[in-house]
Amino acid sequence: MNGQYRVLIADDEPLVQIGLKSMMGKGFDEYTIIGSASNGKDALDMIEKLHPEIVISDIKMPIMSGLELIEKSAERFGPLPVFIMLTAFEDFEMARRAISGDAVDYLVKIELSAQTLKKALERAVKRVDKYSSAGRMTGDTELRSIEEFRQKFVIKVLNNIITDRETFFSQAAENKMDFSYNRYIAVYGKLCEGDDISEEKLLTLYSSTLGMTADILSKYSPCYSIANDMKHFTFIFYFNEEEAVADIMEQIHDGLENAIEMIQNYFNVELRFGIGTAVSDPMDIHTSFEESKTAEEHADKGTPIRLFSHIVGANRRSGKDKLIASIQQYIDENLDGRLQLSEVAETFGLSGAYLSSIFKKNTEVGFSEYVYTKKIEKAKEMLLNDDMKIYEVADALSFESAYYFSKVFKKVEGVSPREWLNSKL
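Each chain has its residues counted from 1, running along the sequence as written. It should be noted that, the model being predicted, local features are given only for residues of pLDDT at least 70 and side-chain atom pairs only at 80 or more, the latter also being counted only at that level, while totals for whole chains, interfaces and linings use all residues. Here the side-chain values reflect all heavy atoms present in the structure, with hydrogen atoms and water set aside.

### Quick word on the overall build of the chain
At step 1: Summing up its helical and strand segments, the chain has 18 helices and 10 strands in all.
At step 2: For every residue, the accessible area (1.4 Å probe, protein chains only) is compared with the maximum for its type, and the residue is labelled buried under 20%, exposed over 50%, or partly exposed between those bounds. In the chain, which comprises 425 residues, the share counted as buried stands at 46%.
At step 3: Every accessible area reported is derived by Shrake-Rupley at a probe size of 1.4 Å, with residue values counting cover from the shown protein chains alone. Just so you have it, the chain exposes about 20900 Å², and 48% of that area is on carbon and sulfur atoms. In this description a helix means any DSSP run of H or I spanning at least four residues, a strand means any run of E spanning at least two, and both kinds are numbered starting from the N terminus.

Structure (structure tokens):
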């Protein structure tokens, strides 16, 4: 790829930023440093505004760590930019998480030199070039750029980043994408390939698999294809209400079966798929996407295609009602625990984003608000009947501190625990 690669530096140590900029002087002509950030949150904002192809990031940073930055970047922008991670010390577990989080390389700061940095950048460039030409994009530069913008737009749609309807349809029009249909189904796919495969082979395999699968599926029903990361991809099927959802589901299922067989025959690798339920509003595509991810987690070698509706119950509405009731019961029975969204979601085999979404829609109360309200109800009972001190109740209900407990109590009840207790006594 001709021209310069845009590089963003993210590190909370000014000396490291200066050192990297100095190191990338002579002999690094193909790279342009477009900016630097001192924490992950600022880096994420700069990625959105400046569109770097490569980010050199510290693993440990304030506000948002490098590992969180990789995850958030992949959610919002897809496989680009690619990441080179830095750390101040040898830490195998963090290195493993960085690489599994799709970092292209992992460098120890005290061992960093112009030579090791250049090698890491060269590896990053290979991945940038592969992703820039992955999927079904043509060799034409203008068309390739349009496809890259489309991918970034749909990644935002899948992760519910665009919440304003006018903005949604404006960006869809800019990307020449049609969302005038009234039925959408998301399918989440996984390429099941061992971790021992070389990066170059994986990129080639991924690109070929995505391209062939998209070609096969488009013959069954119109869809958009999206590259999520090195091993995952999403298809959004669109149609109108005149076509029965059951018929489209059957067509999608047949297409996925065909794709699984073809990919197995051509590349000797397995695919897994999860199918979300149909939504009528394009602004709700993210819900079908979250469902498809959950369904894919339940797929295995014996059943490589799973439908979300089969997991929560044949009837989507009653299935969700039962699911929410089970979650509420779990919360009520575990008020002495921290009850964090991610942990509760994992208990029920859901993603945190999906649990948060369906909980709010089905109960009209946010997940956190429900948990705190229930905890305060329990706290009042303990204060009144169990003759416990305020800090003891806070500890028994797993609040971070008595101060935080008092703050939540006042938010729910309008008065402090002491004031409430005095009024009752």
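Moving on, there is more to tell.
### Observations regarding the packing of helix H10 (residues 285–297) against helix H14 (residues 352–363)
At step 1: Lines fitted to C-alpha atoms define the axes here, with helix axes fitted over just the stretch in contact, and angles between the N-to-C directions of these axes take values from 0 to 180 degrees. As a packed pair, H10 and H14 sit with axes 9 Å apart at the nearest point and diverge in direction by 125°. One way to sum up the angle between H10 and H14 is to call them oblique. Seen from above, H10 lies across H14 with left-handed handedness. Contacts between H10 and H14 pair His286, Thr287, Glu290 and Glu291 from the former with Ala353, Tyr354, Ser357 and Lys361 from the latter. Any angle from 65 to 115 degrees is called roughly perpendicular, while one under 35 is roughly parallel, one over 145 is roughly antiparallel, and all others are oblique. By convention the crossing between two helices is left-handed if the near helix lies anticlockwise of the far one by an angle smaller than a right angle, and right-handed if it lies clockwise. The contact criterion used is simple: two residues touch if any of their non-hydrogen atoms lie within 4.5 Å.

### Some thoughts on the pairing of strand E7 (residues 223–227)
Side-chain direction in a regular strand flips from residue to residue, so the side chains alternate between the two faces of the sheet.
At step 1: Taken across its five residues, E7 has five buried, putting it largely inside the fold.
At step 2: Burial along E7 is two-sided: Cys223, Ser225 and Ala227 facing one way and Tyr224 and Ile226 facing the other are all buried.
At step 3: Two successive antiparallel strands, E7 and strand E8 (residues 232–239), enclose a turn made up of four residues. Two strands are counted as paired when DSSP detects at least two bridges linking them.

### Some thoughts on the environment of Ser416
At step 1: Within the element layout of this structure, Ser416 appears in the loop between helix H17 (402–413) and helix H18 (417–424).
At step 2: Distance in space between the C-alpha atoms of Ser416 and Phe405 is 9.4 Å, their sequence separation being 11 residues.
At step 3: Once residues lying within four places of it in the same chain are set aside, the contact partners of Ser416 are Phe409 and Lys410.

### Let's talk about the sheet that holds strand E3 (residues 54–58)
At step 1: What the five strands build is an open sheet, ordered E2-E1-E3-E4-E5; its pairing is parallel. Edge strands, defined here as strands with exactly one partner in the open sheet, are strand E2 (31–37) and strand E5 (103–108). Neighbour-to-neighbour, the strand axes of this sheet turn through a mean angle of 20°, independent of strand direction.
At step 2: Pairing of strand E1 (residues 5–10) with E3 involves four bridges; the strand directions are parallel. Bridge pairing in E3 places Val7 opposite Ile54.
At step 3: Strands in contact with helix H1 (residues 14–23) are E1, E2, E3 and strand E4 (82–87); relative to E2, the strand with the most contacts, it is inclined by about 175°.

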